[in-house]
Amino acid sequence: MQVMYFDETHDDTRYEAILKRACEKQPFYHALLGELYERKYNGIEDLHWVEKAKEHYQEADRYALLTPRFARHYYQLLEHFNKENLIPCSPEEICRIKRLAGVKDVAANKNNREE
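Residues numbered from 1 in each chain as written. Predicted model: local features only at pLDDT ≥ 70, side-chain atom pairs only at ≥ 80, totals over all residues. Heavy atoms only, no water.

Q: Sorry, what's going on with the overall build of the protein here?
A: Counting its secondary structure elements, the protein contains seven helices and zero strands. Along its sequence from the N terminus, the protein presents helices and strands in the succession α-α-α-α-α-α-α. Looking at the protein as a whole, 36% of its 115 residues are labelled buried. Accessible area for the protein stands at about 7,700 Å²; split by element, carbon and sulfur atoms hold 50% of it. (Helix = DSSP H or I, 4+ residues; strand = E, 2+ residues; numbered from the N terminus. Buried < 20%, exposed > 50% of the residue type's maximum accessible area, 1.4 Å probe, protein only. Areas by Shrake-Rupley, 256 points an atom, 1.4 Å probe, with all protein chains shown as cover.)

Written as structure tokens, this is what we have:
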């Protein structure tokens, strides 16, 4: 209940502290922490927040708790920063997260329509 309250108040410091405590009992909250850290990045040059977001998305994935919503966030993060060579990630891992996220290839859909 506290998690939802502090998310709505946009008090990121208290929200982060509650999520960290919740992660100890429920690994799903790692996905929420990943999303929070991704939001904190917001175009700043410091990749610290991006690295933390990646760690928490990976932890949620490790427990098979990376839902399609969070997988999309994680995929977009990997896709963007891997292109810039700022966060290395294997093409296989990106492809796997892409499948979890349910992201379809635009080129593949276009080819199927032409046939």
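Q: Just checking my understanding: could you explain the environment of Y57 for this structure?
A: Residue position: Y57 is located in helix α4 (residues 48-62). Along the chain, Y57 and Y75 lie 18 residues apart, while their C-alpha atoms are 9.9 Å from each other. Apart from the residues lying within four places of it in its own chain, the contact partners of Y57 are H30, A31, G34, E35, E38, L66, F70, H73 and Y74. (Contact = heavy atoms within 4.5 Å.)

Q: Sorry, what's going on with helix α6 (residues 91-101) here?
A: Within an α-helix, residues lying three or four positions from one another point in the same direction, as the helix has 3.6 residues per turn. Of the positions making up α6, those classed as buried are I94, I97, K98 and A101. Projected down its long axis, α6 carries its buried residues within an arc of 105 degrees, all on one side. Residues of α6 that are exposed and angled more than 90 degrees away from the buried face: E92 and R99. Of the surrounding elements, those touching the buried residues of α6 are α4 and α5 (68-83). (Arc of directions from axis to C-beta.)

Q: I keep staring at the environment of V103 and nothing clicks. Help me out?
A: Relative to the helices and strands, V103 is located in the loop between α6 and α7 (106-114). As a C-alpha pair, V103 and Y75 span 28 residues in sequence and 8.9 Å in three-dimensional space. Those residues in contact with V103 that sit more than four places away from it in its chain are R72, Y75 and K98.

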